[in-house]
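What follows is the residue order along each chain.
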Amino acid sequence: MFTLVNINEAKFQQATGRRIAELASAAVTGTEGVTCRIVEVLPEQQGGARQPHTHCDVEEVIFVLEGQGKLWVEEQEKDILKDDLIVVPMETEHRIINPGGQRLRLLCFFPKARVEIP
């Protein structure tokens, strides 16, 4: 059996500095080994400067769907653009920054069925 999810029907929730729509996870679709989310990072002037964080037990794969921003990884910054793919190793301190007024929309994958939303 498979699950079909339309990104345009995703239900967003507010989180620190961003809006998140969980497309696939144990809680939403009953997955056993993956979480997939759409994340819209708010501009810095609207509270989008989330603090650096790590995932202790899982890698994160981030695909930039729309916009541009900055990737901060262990005190280094790199510009990111639409169609960029980022692989963040587990236990690596990171954050995504939206310095402008445009929408920064990401598709985030975790190889784990349950990933907390801080």
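In the annotation of an unreviewed UniProt entry, the entry for the protein chain reads Cupin domain-containing protein, and the organism field reads Desulfitobacterium chlororespirans DSM 11544.

So, about the state of the cysteines. Counted according to the given criterion, the structure contains zero disulfides. Cys 56 carries a free sulfur, and the closest cysteine sulfur to it, the one in Cys 108, is 17 Å from it. Owing to a relative accessible area of 54%, Cys 56 belongs among the exposed residues under this scheme. No disulfide involves Cys 108; its nearest neighbouring cysteine sulfur is the one of Cys 36, lying 8.1 Å away. A relative accessible area of 3% places Cys 108 in the buried class.

On the basis of which strands lie adjacent, the open sheet formed by three strands has the order 6-5-8 and antiparallel pairing. Two strands in the sheet have a free side with no partner beyond their single neighbour: strand 6 (76–81) and strand 8 (94–97). Each strand axis lies, on average, 25° off the axis of its neighbour in the sheet, ignoring direction. In the sheet, strand 5 (residues 68–73) pairs with strand 8 via four bridges, with the strands oriented antiparallel. Looking at strand 8, one finds that Leu 71 is bridged to Ile 96.

Here we take up the pattern of salt bridges. Per the stated rule, a full pass over the model turns up eight salt bridges. Two residues, Glu 40 and Arg 19, come together in a salt bridge whose shortest N-O distance is 3.1 Å. Of the two residues, Glu 40 sits in strand 3 (residues 35–41) while Arg 19 sits in strand 2 (residues 18–24), which places them 21 residues apart along the sequence. What makes Glu 40 buried here is its relative accessible area of 8%. For the salt bridge of Arg 103 with Glu 66, the shortest nitrogen-to-oxygen distance reads 3.1 Å. On the criterion of sequence distance, the pair formed by Arg 103 in the loop between strand 8 and strand 9 (104–110) and Glu 66 in strand 4 (residues 60–66) is long-range, its members being 37 residues apart. Judged by its relative accessible area of 31%, Glu 66 falls in the partly exposed class. A single network of salt bridges, built from pairs that share partners, joins Arg 19, Glu 40, Glu 66, Arg 103 and Arg 105.

So, on to the sheet that holds strand 9. Pairing within the open sheet is antiparallel, and its six strands lie in the order 1-2-3-9-4-7. A strand with exactly one partner marks an edge of an open sheet, and here the two such strands are strand 1 (13–15) and strand 7 (85–88). With strand direction ignored, the average angle separating the axes of adjacent strands in the sheet is 30°. As judged from the four bridges shared by strand 4 and strand 7, these two strands associate in the antiparallel manner.

Rules and cut-offs
Residues numbered from 1 in each chain as written. Predicted model: local features only at pLDDT ≥ 70, side-chain atom pairs only at ≥ 80, totals over all residues. Heavy atoms only, no water. Disulfide = S-S within 2.5 Å. Buried < 20%, exposed > 50% of the residue type's maximum accessible area, 1.4 Å probe, protein only. Pairing = 2+ DSSP bridges. Helix = DSSP H or I, 4+ residues; strand = E, 2+ residues; numbered from the N terminus. Axes fitted to C-alpha atoms, helices over the stretch in contact; angles between N-to-C directions. Salt bridge = Lys/Arg side-chain N within 4 Å of Asp/Glu carboxyl O.

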